[in-house]
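Here are the chains, one letter per residue:
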Amino acid sequence: MQYFTQTGWPAFFLLFTLIMLALYLAREPAHKAIKGIFDGLYRAFRLIAISLNRSSIHMRERNREVLLNIGREHGERELHKEFHEITQFVQRDLGGYPQLQQDIREHISHIQTDYEASQIVPIALPEWTEAVDSLAKLKMNNHTANSRVLEQIHETAQLQHKDNIKVFRETNAKRHTLLQKILPHWRKLSFSIDDTGERLTDILTRSQKIDTHMARFEEIHQGSDKALRFLRMSALTQLLISTLVITIAIGGAFFNFHLIALPMSEMVGSAQRIGGAKVSDLAALVIICMEISAGIFLLESLRITKLFPLISAMDDKTRRIIMVTASIVLITLACTESALAFMRDQIASDLALLRSSLSGQVMEYSTVEQGGINHWIPLAANMVLGFILPLALTMIAIPLEYLLQSGRTVFGNLFANLISLCATLIRLCANFARQSGKVLLSIYDLIIAGPLFIESIVKHSWPKPIKNTQEKWETHLDEYDISKTGVKK
Amino acid sequence: MKPLNCIYLLLINIILLASCSTDNTRGHTRGYYLLLDTSGTYTEELNKAKQVINYILATLEPGDSFAVARIDSASFSEKDIITKVVLDARPSVSVAQKRAFASTINAFVSSVKSSPHTDISGGLLQGIEFLNEAKVNHRNILIYSDLQEDLPKGYIRDVNMKLDGFTVKALNVTKLRADNQNPRSYMERVASWQSKIITGGGNWELINDLEKPDALL
């Protein structure tokens, strides 16, 4: 600006006109260049967006497959477990049904026999009734003789009555005995029937459970949206829970590390360092890693986890060997840690004693030491923890498996969403590039608006060329008469 | 990646790390060379020096080096090293070494006799030699003195000290009676030592408040 005020405005206008003229002359190639650059950018962005979209779709498909596969595996495992339990139930309980049936039959037969035996036998009619009958038909005048006969009959009747009562009582006693014998059979029968009923109810419950699992498994197998939603929710929950458990386990491992790091320096020394870390610390870390590895192998060989499908697929003998080896390693390491915890206590006491002696507080420390209370409790606690913590760390394999499986699906979905978001942003960039190109072209034309205006005036002042219409076509045909002769007139 | 492959990679990493461990053996070790002034009335200050020594001993770790030497009339000599130690890698052994060290210092402090002259520069040169031989990573020379040098006749100490990578800490620099009359002499004395150390390429620190032991390390 200062230059123009010095040289004068005419120079500025001259320069501006020259630039405008140059821009006008270079309009077509400049337009092509601008269009080419921005179209190129647009196409590149579009290509990237399409590619990212495809990757996102592919990733979603892959995540879906993995999720369904994991769900299928879990479903199969659950069904297998249920069927295994049902098989065991059938072998254990239903296998004994012929025997049970035989028992029930025997009980029923016993009850029937005893019941039949306990039925009331009708007592025979007394013999004197016929005598009374014939006596009543006799026409006797002698009352004395009658009364004597009647007395005899009475006596006979009394005797018979007594006999009858005696027989009746004896029969009843026998019947009661028989009925008492029925009671245990009855109870056993009732128990057998109740037991069978309970088992059948259990079977029904299990079969309902299997039905539920089966329905879910079928949905997973079909890959329905409902199953996918369920599996996604399940994966997220599993991820959160397993992360929490793993965090707790890491806390345990950290505590375990501090329990054995100091005594390890007594074994491997603490002066050497690898990458800034003491060798003794690394040795302690390696021991903890070995414990976790042994735990993983133990759980793998027990088929609780399936981190290594190779181990699960091994035959029982090999698996048993791995199981025993892992258990031995684990127990040995746990015992070693317990001993190290003991050693740690000794070293820590020695260090504390040294520090107190250096600071001139020997008497105070030794007074506490002699009490014996402060010394043995932490020592025992250290040793117990040294033994238990390695065994507890073996369980880390279960949440680890869940973490890996659920993490794969959850983070896979998250990554797919991220890629999709990137694709959208890049598509926005593509549109922005295209619009920017258009705006730039308009600005270019705006700068050379003057020459363009002149050009339009000049174009309008000249006669218009005949448009390429039917009329123009016919004019050409008349002029050349191509349709008839093919030769120009 | 499969878990088995992860374990293989971990094992390979451990082997690689183990193979390069020998180079870093003394990478984090510290070395301390403490000069104790035994001239004149400064011997009265040695009981305080014992506390400093005990504090340093308590904070040393396996692999560290520590030596205590006296400043007498001619300090550039191995004979002036009262006791020295390179702490063993095993904690139990290093604790025993510390105990022995502390007991030697106790014996020295109870039986020390004052020397007629003060050769601080000679002690400093001896300290540089000791720490260079010790091949420690962090080299520290502690001068427990009033920094008043008084060389016997015929002793030359105007040599250039190579103190690259050294930290020299002057502890308990007491004020002399003359310093009280003219503090400038005290300041000049301290400044002269500071310039000598910095010219040699070392770091200089002055610690008079021994109640803050963290400053020692």
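Residues numbered from 1 in each chain as written. Chains lettered and ligands numbered in written order. Predicted model: local features only at pLDDT ≥ 70, side-chain atom pairs only at ≥ 80, totals over all residues. Heavy atoms only, no water.

## Notes on the overall build of chain A
Phase 1: In terms of regular secondary structure, chain A is built from 15 helices and 2 strands.
Phase 2: A burial count over chain A gives 29% of its 489 residues as buried.
Phase 3: Sequence-distant contacts, at least 24 apart, represent 78% of the contacts inside chain A between residues at least 6 apart.
Phase 4: Surface summary for chain A: the accessible area is close to 33,000 Å², and the carbon and sulfur share equals 65%. (Helix = DSSP H or I, 4+ residues; strand = E, 2+ residues; numbered from the N terminus. Buried < 20%, exposed > 50% of the residue type's maximum accessible area, 1.4 Å probe, protein only. Contact = heavy atoms within 4.5 Å. Areas by Shrake-Rupley, 256 points an atom, 1.4 Å probe, with all protein chains shown as cover.)

## Concerning the interface of chain B and chain A
Phase 1: Facing 24 residues of chain B, the contacting portion of chain A comprises 22 residues.
Phase 2: Of all residues in chain B, B:His28, B:Pro91 and B:Arg99 bury the most surface against chain A, accounting for 22% of the area lost on that side.
Phase 3: Joining chain B to chain A, the criterion identifies 2 salt bridges.
Phase 4: Where A:Lys278 meets B:Glu61, a salt bridge forms, and the shortest distance between an N and an O atom there is 3.8 Å.
Phase 5: Between chain B and chain A we count 3 residue pairs in polar contact (both at pLDDT 80 or more) in total.
Phase 6: Partitioned by chemical class, the residues of the side of chain B that touches chain A number 13 nonpolar, 7 polar and 4 charged. (Buried area = accessible area lost by both parts, 1.4 Å probe. Salt bridge = Lys/Arg side-chain N within 4 Å of Asp/Glu carboxyl O. Polar contact = N/O pair within 3.5 Å; in protein donor to acceptor, adjacent residues only side chain to side chain. Nonpolar A, V, L, I, M, F, W, Y, C, P; charged D, E, K, R; others polar.)

## With respect to the nonpolar core
Phase 1: Grouped together as the largest cluster of nonpolar side chains are 34 residues, with contacts concentrated most on B:Leu34, B:Leu36, B:Ile53, B:Phe66, B:Val68, B:Tyr144 and B:Leu171.
Phase 2: Among the secondary structure elements, those contributing two or more residues to this core are helix H10 (316-358) of chain A together with strand S1 (30-37), helix H2 (46-59), strand S2 (65-71), strand S3 (81-86), helix H3 (91-111) and strand S4 (138-144) of chain B.
Phase 3: Of all the elements, H2(B) adds the most residues to this core, at 7 residues.
Phase 4: Core analysis: the second largest hydrophobic core is formed by 28 residues, B:Tyr33, B:Val136, B:Phe166 and B:Trp193 among them. (Core = buried A, V, L, I, M, F, W, Y, C linked by side-chain atoms within 4.5 Å.)

## What about the environment of B:Gly40?
Phase 1: If you trace the backbone, B:Gly40 turns up in the loop between S1 and H2.
Phase 2: Since its relative accessible area comes to 40%, B:Gly40 is described here as partly exposed.

## So, the sheet that holds strand S5 (residues 166-171) of chain B
All names here are of chain B.
Phase 1: As summarised here, the arrangement of the 6 strands in space is S3-S2-S1-S4-S5-S6, forming an open sheet in which the pairing is mixed. The open sheet terminates on both sides in strands that have one partner only, identified here as S3 and strand S6 (203-207). Each strand of the sheet is rotated relative to its neighbour by a mean of 15 degrees, with strand direction disregarded.
Phase 2: Alignment of S1 against S2, held across 7 bridges, turns out to be parallel. Its bridge partner being in S2, Leu34 is matched across the sheet by Val68.
Phase 3: Where H2 meets the sheet, it contacts S1, S2, S4 and S5, and its direction lies at approximately 175 degrees from that of S1.
Phase 4: Sitting on the sheet, helix H6 (residues 183-199) touches S5 and S6, and the angle it makes with S6 is about 150 degrees. (Pairing = 2+ DSSP bridges. Axes fitted to C-alpha atoms, helices over the stretch in contact; angles between N-to-C directions.)

## Overview of the pairing of S5(B)
Residue and element names in this part refer to chain B.
Phase 1: Where burial is concerned, most of S5 is hidden: 6 out of the 6 residues are buried.
Phase 2: Both faces of S5 are covered, namely the face carrying Phe166, Val168 and Ala170 and the face carrying Thr167, Lys169 and Leu171.
Phase 3: Here S4 pairs with S5 via 6 bridges, running parallel. Following the sheet pairing, Tyr144 is matched in S5 by Leu171.
Phase 4: Of the pairings in the sheet, the one linking S5 to S6 comprises 5 bridges and is parallel in character. Counted as the bridge partner of Val168 is Trp204 from S6.

## Quick notes on the confidence of the model for chain B
Phase 1: Overall, the predicted model of chain B reaches an average pLDDT of 84, with 87% of residues at or above 70.
Phase 2: Every residue in residues 21-26 of chain B scores below 50 in pLDDT, and together they form 13 contacts with partners more than four places removed in sequence or on other chains. (pLDDT = per-residue confidence, 0-100.)

## Here's the deal with the packing of aromatic side chains
Residue and element names in this part refer to chain A.
Phase 1: If you walk through the whole model with that rule in mind, you get 6 aromatic pairs over all chains.
Phase 2: On the numbers, 6.4 Å between centres and 25 degrees between planes, the contact of Phe12 with Phe16 is stacked. With Phe12 and Phe16 both in helix H2 (residues 9-25) and 4 residues apart, the pair spans about one turn of that helix.
Phase 3: For Phe12, a relative accessible area of 25% corresponds to the partly exposed category.
Phase 4: Residue Phe16 is classed as partly exposed on the basis of its relative accessible area, which comes to 38%. (Phe/Tyr/Trp six-rings, centres within 6.5 Å; stacked < 30°, edge-to-face > 60°.)

## Considerations on the side chain of A:Asp114
Residue and element names in this part refer to chain A.
Phase 1: Along the chain, Asp114 turns up in helix H4 (residues 97-117).
Phase 2: We note that Asp114 is buried and unpaired, the nearest opposite charge coming from Lys181 at a distance of 6.1 Å.
Phase 3: Not counting the four nearest positions on each side in its chain, Asp114 is found in contact with Leu178, Lys181 and Ile182. (Lys, Arg positive; Asp, Glu negative; His and termini not counted.)

## Some details on the confidence of the model for chain A
Residue and element names in this part refer to chain A.
Phase 1: On average, residues of chain A score 83 in pLDDT, and 87% of them reach the 70 mark or higher.
Phase 2: Confidence over residues 363-368 falls short of pLDDT 50; this stretch has 5 contacts with residues more than four positions distant or in other chains.
Phase 3: Within the model, pLDDT remains below 50 along residues 482-489, and this stretch shows 11 contacts once partners closer than five positions in the same chain are excluded.

## Structural notes on unusual backbone geometry
Phase 1: Of note in the backbone geometry, A:Arg303 takes a positive phi value of approximately 65 degrees without being a glycine.
Phase 2: Following the sequence through the fold, A:Arg303 ends up in the loop between helix H8 (279-301) and helix H9 (309-313).
Phase 3: Using a relative accessible area of 41% as the deciding quantity, one classes A:Arg303 as partly exposed.
Phase 4: We note that B:Lys135 has phi near 50 degrees; this positive angle belongs to a residue other than glycine.
Phase 5: Its location among the elements puts B:Lys135 in the loop between helix H4 (120-134) and S4.

## Comments concerning the pairing of S2(B)
All names here are of chain B.
Phase 1: The buried count for S2 comes to 6 of 7 residues, which makes it a mostly enclosed element.
Phase 2: Each parallel crossover has a hand, and the one from S1 via H2 to S2 is right-handed.
Phase 3: Of the strand pairs in this sheet, S2 and S3 are connected by 5 bridges, and their pairing is antiparallel. Residue pairing in the sheet places Ser65 in a bridge with Val86 of S3. (Right-handed = clockwise from strand over helix to strand, strands pointing away.)

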